[in-house]
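Summary of structural features
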Amino acid sequence: MTYAITQTCCNDATCVAVCPVNCIHPTPEERAFGSTEMLHIDPRACIDCGACADACPVDAIFPVDSLSAGQREYADINAAYYEGAEPLAAEVDGPNFHAWGEPVFERNLPSDFGPLRVAVVGTGPAGMYAAQDLLLHTAAEVTLIDRLPVAGGLVRYGVAPDHPATKKVGDTFSRFHSHPRVRMHLGIEVGRDVTAEELSAHHDAVVYAVGASTDRRLGVPGEQTPGCLSATAFVAWYNAHPEAVAQGVDLSAERVVVVGNGNVALDVARILVADPEALAATDIAAHALDALRASRVREVVVLGRRGPEDAAYTRSELLALKHVPGVELVVDGHDPRTATAIDAAGAGDRAGALKGLARVRTDAASPTGGERRIVLRFHSEVREILGDGDGVHSVRVTDGGGDGDGGGTADLAAGLLLRAIGYRGLPVPGLPFDETSGTVPHEGGRVAGVPGSYVVGWIKRGPSGGIGANRTCAAETVGTLLADAVAGELPAPTGDAKAFRRLARQRNRRVVDARGLAAIDRAERDRGRRDGRPRVKLATVEELVATARSGRLLRLTR
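Here goes a summary of the coordinates provided. (Residues numbered from 1 in each chain as written. Predicted model: local features only at pLDDT ≥ 70, side-chain atom pairs only at ≥ 80, totals over all residues. Heavy atoms only, no water.)

**Side note on the environment of E223**
Secondary-structure assignment places E223 in the loop between β9 (214–215) and β10 (228–230). Taking C-alpha positions, E223 is 16 Å from G422, a pair spaced 199 residues apart along the chain. If we ignore the near neighbours within four places in the chain, the residues touching E223 are R217, L218, C228, I385 and R419. Engagement of the side chain of E223 in a polar contact is seen with the backbone nitrogen of L218, the distance being 2.7 Å. (Helix = DSSP H or I, 4+ residues; strand = E, 2+ residues; numbered from the N terminus. Contact = heavy atoms within 4.5 Å. Polar contact = N/O pair within 3.5 Å; in protein donor to acceptor, adjacent residues only side chain to side chain.)

Below, the structure is given as C-alpha cells:
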C-alpha cells in the first residue's frame, strides 16, 4: 500500500522533511518546487510508514486504499507525476534507505549573536511562518501585530469553511501565540495607531506581512451597480470578517455570475450552491448560513476570459468541484474553441480534467427548478453590467467563436455579479509602494530605502502561491534580515518592549493580547459546541474586543 496527497495540499513541505525514503517531490531544494499545484508521493518508493500523514499540517495525505470515491483520482495524479522518471536508487551499503546529499547551511550566525527584537505585522500564514522561523532558529523576541483584534489572517478569513482540513494549519501557528518570547498586540493598525517609524524605533527590525487585501476592478460600464461585489467581500462575508459587507448579500436571484476562474472563483461558486445543512457543520458565519438557507440561487456561471487550457484554478480544486453532492458541473459550449481544447487535452492537462462533463448552452434567462449547477463558461468577457438602483438585472458577455470581439454578445439574466479577477495589495504608510504590481519594492525581502524593514507574503511577491508558498518566502526574508543583523546594518532601536506596549495602549485602548485571544477562541468553541459546530465566530470588532476583555478579567479573578 502507498499513500497519496490530495487536493488540500498546502505545499508546506513538512512531509518532505520526515519522509525516510525521499519519495515526496518536488522538494524545496528542487527547481520545480513552488511551481506545481501540489506535492506528490512516488508510489514506487513509498514504504507505507505514514510519517508524512502524521506530519501533514492540513490532513491532505491518506493511504490509497482508504481514499473516498471523490479522492481516488488523486492516487493516479500522484503516480502520473513520476511517469517516465527513473526510481531513485536505494542506499544498499548503509542504514539509510537512500543517499542523502551533502548538508547545506544557508545561514551562519556567529556564536555571540545576540537576541533581536522583531515586530511582525500581520498574523496570517506569511507572518506566522516568519515568526516561526525566528523563534525556532534564533533567540529573537517577536512582537505580533495585527489590525484586527483576532489573529489568523488568511487562514481564518480566506479559506473556505468547507475546507476544514486546510484550516488546521492554523493550529501549527497558534502554538506560537503563547510562546514565552512572543508579545501580541491585536487591533493595532500601522498608519492609524502607530507609524512605521515608531514601530522601527522600538524594534531591531520590522517584517510586514500585510497581504493583498483589496481586489482588481473590471473597468466596465455598470460596475457600480448594487449587487456587483468583489469576491473578496463575499469571502469576508461568509467567513465572518469584522469588515464584511454590513448589509449582507442578496441571494434572491436564481443565477449568479462569477467573473474569473481561479481558485477563489471556484470557492465562491461552490459555497453559493452547496447544501446549507452540510455547511452548518463548518465554521461559516451564522449570518451567511441563514442567508444561504433562504437563498434562491440555482446556477452559478463562472466566466473565464481565456480557454480551459489556460484556466487559473488548480486542477485539484476543479476535481474537488466535480464531487459536490447535489451540484452538477457542466461546461458552456458557446465557443467551439472550448470543445476543441478539451477534446485535444491529455489526461494530465488542466483542460483534460473537464472531459466527461456535460456541455450545455447557457440560456439568457435564469434557470428555474432542477438540480443546482455550476457552469464553466470560457472565452467569455463581461462587456457591461445592466441594472438600476435596485441591483443587477443581467450581465452582457461576449458570445460565440472568433477572437471574443467578433462573436457577438449575450445578456445573461443574473441578480448578483462577483468579480474574482485577482487580489491587490494596498500601500503601507511609511513604505515605498509599486502601484503597478501592488507590492512593496524589495531585495530578497529587504524594503528598498528603509533600513530594518522587510516584507513577506503577497505584499512582497504579489497575490500568487498558496499557504505553503509562504514558508519558502519567509525563509528568504528572515535569511536577509539575519544577514543584515550580522553585518551590523540594522538601525539601533531607541525604545524597548515595555515602551512599545505603553505606546500601543495609549493609542488604542482596545488592544487584545494573547490572553484575550485565548478567551476569544474559548468563547467561539463553546458557542460551536452548543450548535454542533467546530466554532461559531464572533463577527464584529465590538464582540471580539468585549469577549477578549471579559475572558481576560475572568481569568485574572480566579
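**Comments concerning the pairing of strand β19 (residues 416–419)**
In the case of a regular strand, side chains alternate between the two sheet surfaces. Burial of the side chains of β19 extends over both faces: L416 and L418 are buried on one face and L417 and R419 on the other. Of the pairings in the sheet, the one linking β10 to β19 comprises three bridges and is parallel in character. Note that in β19 the partner of L229 across the bridge is L418. By the bridge criterion, four bridges tie strand β11 (residues 255–259) to β19 in an arrangement that is parallel. When the bridges of β19 are listed, V257 appears paired with L417. (Buried < 20%, exposed > 50% of the residue type's maximum accessible area, 1.4 Å probe, protein only. Pairing = 2+ DSSP bridges.)

**Brief notes about the pairing of strand β7 (residues 182–186)**
Counted residue by residue, β7 has four buried out of five residues, so it is predominantly covered. When strand β6 (residues 141–146) meets β7, the two strands line up parallel, connected through five bridges. The residue bridging I145 from the neighbouring strand is H185, located in β7.

**Details of the sheet that holds strand β12 (residues 299–303)**
Judged by pairing direction, the sheet is parallel, and its seven strands sit side by side in the order β10-β19-β11-β12-β15-β13-β14 without closing on themselves. A single partner strand is all that each edge strand has here, and the edge strands are β10 and β14 (359–360). Sheet topology note: the strand β13 (residues 327–332)/β14 ladder contains two bridges and is parallel. Bridged to D332 within β14 is V360. Where helix α10 (residues 263–273) meets the sheet, its contacts fall on β11, β12, β13, β15 (372–377) and β19, and the angle it forms with β15 comes to roughly 160 degrees. (Axes fitted to C-alpha atoms, helices over the stretch in contact; angles between N-to-C directions.)

**Focus on the packing of aromatic side chains**
Summed over the entire model, instances satisfying the criterion amount to five aromatic pairs. Arranged with centres 5.1 Å apart and planes meeting at 85 degrees, the rings of Y81 and Y82 form a pair that is edge-to-face. With a relative accessible area of 32%, Y81 lands in the partly exposed category. Seen from their ring centres, F234 and Y238 are 5.4 Å apart, and the 90 degrees between their planes marks the pair as edge-to-face. Of this pair, F234 and Y238 both sit in helix α9 (residues 231–238), four residues apart, which is roughly one turn of that helix. (Phe/Tyr/Trp six-rings, centres within 6.5 Å; stacked < 30°, edge-to-face > 60°.)

**Examining the sheet that holds strand β16 (residues 382–388)**
Strand order in the open sheet made by the three strands is β16-β17-β18, with antiparallel pairing throughout. Looking at strand neighbours, the two that pair on one side only are β16 and β18 (409–413), the edges of this open sheet. Direction aside, the axes of adjacent strands within the sheet are offset by 25 degrees on average. Pairing between strand β17 (residues 391–398) and β18: five bridges, direction antiparallel. Bridge pairing links S394 to A413 in β18.

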